[in-house]
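# Observations on the three-dimensional arrangement
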Amino acid sequence: MSASNPGPVRRFFRGAWRVVDVSRRVVLNLVFLAILLVVVMALIRSGPQPLADKTALVLALDGSIAEQRAGNLRSTAIDQLRGETTPQKMQLRDVLAVLDTAAKDDKITSAVLILDELDATGLASLREIGAAVDRFKASGKKVVAWGSSYDQRQYYIAAHADEVYLHPLGAVNVTGFGGVQNYYKDALDKLGVSVKVIRAGAFKDFGESYVANEPSPEAREAETALLGSLWKTYTDEIEKLRKLAPGSVMKSIDEAPERLQAVGGDRARLALADKAVDGLKTRDELRALMVSRGVEDAEHKTFRQTSFDEYLSRLRPRLTGDAIGVVVAEGEIVDGVAPIGTVGGLSTANLIRKARDDKDVKAVVLRVNSPGGSVFGSELVRRELELTRAAGKPVVVSMGDLAASGGYWISTASDEIIADPSTVTGSIGVIALLPNFSGTLDKLGVHSTPLATTWLRSAYDPRVPLDPRLADMIQKSVDHEYQSFIGRVAQARKTTPDKIDAIAQGRVWSGRQALERGLVDRLGSYGDALKSAALRGKLGDDPRVLYIEREPGAFSRFVSLLNAEVGRGVSAAIDARLNGIGIPASALAPATRELGWLTGLTERKKPFDAVAHCLCTVPF
């Protein structure tokens, strides 16, 4: 019998097997569909239950408020399993969405602000939250704030409430803006470390702390003007919100010793006397007040309420239709691919390209919260925005807490720049720092000798004295990049490089000062930027907002986890050593950051790297 003509027995078994195999597949598919249906039904049933009438929204702001939250549900779960107690950053967009949605929700009748755990957050972000609280109040709903104590960040949000309460043992600590800057010249001299600062811009004081023992007149002038502008924004709003006479905040600070003595040292009574708060209440007294105004939750012995996280879980983004694509540029700017919290020149440019290629995205908003960094990385991002505009999609820049130096560079390729009055921006300048450790090695008896085919091969090595020829070459490169910077700004702002040079020079401005000098188009909020993009993209009054982001990969999560473990070990060792000699580690945190950044410069692979970076933080 030939192989091509199987016998009847073989044909029977083949046919039988086909029937069995098809039946097996059908059964397995039916089982899979049944399991899937059960899971879907379970998810539906386990979804948020409808809110009852007279529910209060309890907004407990924990940690710092950021534009993006690093990590995902998996990494959060891993942190919890490992016993991590550090709160995750809250996303500004989530806080705004919860307040704005709750304002329109008939089941929500009031809000309670619990602000004890609110941490490092810039004034521009706080102003966004304060405006959202005002919108909630405008819907006719009451807002009550309570704190065991208030620092000036927490108090700014609390002041937007209808009623502000403080624990009887608490205080309102409004102390002003600014801080103490370290200068390392003498210390570095003793260690034999020299730093060559090559800059373009008289006010570009980035790096000044390494080569001086006090601020230059230009740095002092710029910092004083910036802090004064931000402080005026803060105090004007507090006095308006609390219905205080102009100058009341400064008067309370200036007369603090005498005023505290008059109330017997009771800081809570001082806050009440200064009309900073409306009453003194313990937490249980606050609870009783809210029960009397709403509905008692007898099971939990409190008032009927919903938390921020629970209410946020009810919000569902729109998944289809034309949209505004939002790309977030938060953190220092570097050349290549970077995780959330850092602006990767390549990775952020890829996100912008993704928005440009998405047929549903009709306009792009770049939300900037960055002190700058790599010139090359900044240019990669700027170029992609330029191409996006050339493709017919409008680009609107929304500046958050910080949009300085490279953060301003990437903002220039836009149809409109909208800044908050308290945004820290400008710093249009370029700088290069060349640390050198040859003196340190000499002190240790270590002698280094270049052995190379050209003088340039080892010219940047920090173990040998700086060659004047290299310094000259880098100065020319810095000057060239500065001219490119002011040229791009002049083109974007429709003026001349000379006029931009007069207001650039590396000087940092507040958003209000930047508007006065033509560096931004108008003052406004993130919501204003979305409205502008919707108008330019012809998207109507209620556009879909699509955040163009990437999830961190498995390798990135592993590296972050490893770095965190190493960082904790090093920090613990340093803390133990410092505590042993009576110095709190927190006192040296700025020096650790600044000197660590300087040391990192020696690891750069590009000897002609210059940076558009302000090395600044929000002075709050």
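About the cut-offs
- Residues numbered from 1 in each chain as written.
- Predicted model: local features only at pLDDT ≥ 70, side-chain atom pairs only at ≥ 80, totals over all residues.
- Heavy atoms only, no water.
- Helix = DSSP H or I, 4+ residues; strand = E, 2+ residues; numbered from the N terminus.
- Contact = heavy atoms within 4.5 Å.
- Areas by Shrake-Rupley, 256 points an atom, 1.4 Å probe, with all protein chains shown as cover.
- Buried < 20%, exposed > 50% of the residue type's maximum accessible area, 1.4 Å probe, protein only.
- Pairing = 2+ DSSP bridges.
- Lys, Arg positive; Asp, Glu negative; His and termini not counted.
- Salt bridge = Lys/Arg side-chain N within 4 Å of Asp/Glu carboxyl O.
- Polar contact = N/O pair within 3.5 Å; in protein donor to acceptor, adjacent residues only side chain to side chain.
- Phe/Tyr/Trp six-rings, centres within 6.5 Å; stacked < 30°, edge-to-face > 60°.
- Lys NZ or Arg CZ within 6 Å of the ring centre and 35° of its normal.
- Patch = residues over 30% accessible without salt bridge, like charges linked within 9 Å, V, L, I, M, F, W, Y side chains within 5 Å.
- pLDDT = per-residue confidence, 0-100.
- Charge placed at Lys NZ, Arg CZ, Asp CG, Glu CD.
- Axes fitted to C-alpha atoms, helices over the stretch in contact; angles between N-to-C directions.
- Parallel < 35°, antiparallel > 145°, perpendicular 65-115°, else oblique.
- Nonpolar A, V, L, I, M, F, W, Y, C, P; charged D, E, K, R; others polar.

### Considering the overall build of the protein
Of the regular secondary structure elements, the protein holds 23 helices and 26 strands. Contacts spanning at least 24 positions in sequence make up 76% of the contacts within the protein whose residues lie at least 6 apart. Split by element, the accessible area of the protein, about 31800 Å² in all, is 57% carbon and sulfur.

### A closer look at the environment of E549
Mapping E549 onto the fold places it in the loop between β25 (544–547) and α22 (554–580). When its relative accessible area of 29% is taken as the criterion, E549 is described as partly exposed. Each C-alpha atom of the pair E549 and V328 lies 7.9 Å from the other, and the pair is 221 residues apart in sequence. Residue contacts for E549: discarding those within four places in its chain leaves Q68, R93, L351 and K354.

### Here we look at unusual backbone geometry
Phi at S427 is positive, roughly 55°, even though this residue is not glycine. The backbone phi angle of K538 is positive, close to 55°, even though this residue is not glycine. Topologically, K538 is positioned in the loop between α21 (526–536) and β25.

### Things to note about the environment of R283
Note that R283 resides in helix α12 (residues 283–293). Given a relative accessible area of 43%, R283 falls into the partly exposed group. Expressed as a C-alpha distance, the spacing of R283 and L166, which sit 117 residues apart in the sequence, is 9.1 Å. With residues up to four places along the chain from it excluded, the contact list for R283 reads I114 and W146.

### Side note on the sheet that holds strand β10 (residues 279–280)
Spatially, β10-β7-β5-β4-β1-β13 is the arrangement adopted by the 6 strands of the open sheet, whose pairing is parallel. With partners counted over all chains shown, the strands left at the sheet margins are β10 and β13 (305–307), one partner each. In this structure, strand β5 (residues 142–147) lies alongside strand β7 (residues 163–166), joined through 4 bridges in parallel fashion. Looking at the pairing, W146 lines up with Y165 of β7.

### Observations concerning the side chain of D105
By the element assignment, D105 lies in the loop between α3 (92–103) and β4 (108–114). Buried within the structure, D105 lacks any salt-bridge partner; K141 is the closest side chain of opposite charge, at an N-O distance of 5.9 Å. Within the local environment of D105, its side chain forms a polar contact with the side chain of Y311, the two groups lying 2.7 Å apart.

### A closer look at the pattern of salt bridges
The final tally for this structure, using the stated rule, is 33 salt bridges. Residue D274 pairs with R259 through a salt bridge whose shortest N-O separation is 2.2 Å. Taken together, the residues D274 in the loop between α11 (267–273) and β10 and R259 in helix α10 (residues 256–262) connect sequence positions 15 residues apart. Residue R259 is classed as partly exposed on the basis of its relative accessible area of 25%. Note that E416 is salt-bridged to R522, the shortest N-O span being 2.6 Å. Within this pair, whereas E416 is found in strand β20 (residues 416–419), its partner R522 is found in strand β24 (residues 522–523), the two being separated by 106 residues in sequence. For E416, a relative accessible area of 8% gives the class buried.

### What about the environment of W509?
Mapped onto the elements of the fold, W509 is located in strand β23 (residues 508–510). Using a relative accessible area of 6% as the deciding quantity, one classes W509 as buried. Remark: the alpha-carbon pair of W509 and T423, spanning 86 residues in sequence, is separated by 8.2 Å. In contact with W509, other than residues within four places in its own chain, are L226, T423, V424, T425, G426, I503, A514, R517 and L519.

### Digging into the pairing of strand β14 (residues 323–330)
Counting buried residues along β14, 8 of its 8 residues qualify, which places the element largely inside the surrounding structure. Here β14 shows two buried faces, one formed by A323, G325, V327 and A329 and the other by I324, V326, V328 and E330. Here 4 bridges tie β14 to β25, and the two strands are oriented parallel to one another. Directly across from A323, in β25, lies its bridge partner R544. In this structure, β14 lies alongside strand β17 (residues 361–370), joined through 8 bridges in parallel fashion. Bridged to G325 within β17 is V364.

### Regarding the packing of aromatic side chains
Aromatic rings in a pair are described by how distant their centres are and how their planes are angled relative to each other. Using the criterion set out here, one finds 7 aromatic pairs in the structure. A network of ring pairs unites the aromatic residues Y156, F177, W231 and Y234 as a single cluster. Its guanidinium or amino end placed over the ring of Y547, R93 lies 3.8 Å from that ring's centre, counting from NZ or CZ. In this arrangement the basic side chain of R469 is found over the ring face of W455, its NZ or CZ atom lying 4.1 Å from the centre.

### Section: the side chain of Q513
Of note, Q513 is situated in helix α20 (residues 511–516). Residue classification places Q513 among the buried positions, given a relative accessible area of 10%. For Q513, the side chain forms a polar contact with the main-chain oxygen of A225, separated by 3.3 Å. Discounting residues that sit within four places of it in the chain, Q513 has contacts with A225, L226 and S229.

### Let's talk about a nonpolar patch on the surface
A contiguous nonpolar patch, built from V26, L30, F32 and L33 and spanning about 410 Å² of accessible area, is present on the exposed surface. Tracing the backbone through its elements, the reader meets L33 in helix α1 (residues 8–45).

### Structural notes on the confidence of the model for the protein
Per-residue pLDDT for the protein averages 86, and the proportion of residues at 70 or more is 80%. Long-range and interchain partners of residues 72–78, a stretch whose pLDDT sits below 50, account for 5 contacts in this model, where long-range means more than four residues apart. Of the regions scoring below 50 in pLDDT, residues 80–87 engages in 7 contacts with residues more than four places distant in sequence or in other chains.

### Here's the deal with a negative patch on the surface
A cluster of acidic residues, D62, E117, D119 and D309, forms a negative patch at the surface. Among the secondary structure elements, E117 is positioned in the loop between β4 and α4 (123–138).

### Section: the packing of α3 against α4
A packed helix pair is summarised by two numbers, namely the angle formed by the two axes and the spacing between the axes. Contact pair α3 / α4: the axes reach a minimum separation of 8 Å and the direction vectors enclose 10°. Judged on the interaxial angle alone, α4 and α3 are roughly parallel. Contact with α3, carried on its side by L92, V95, L96, L99, D100, A102 and A103, involves S125, E128, I129, A132, V133, R135 and F136 of α4 and no other residues of that element. Tallied by class, residues from the contact of α3 with α4 come to 10 nonpolar, 1 polar and 3 charged.

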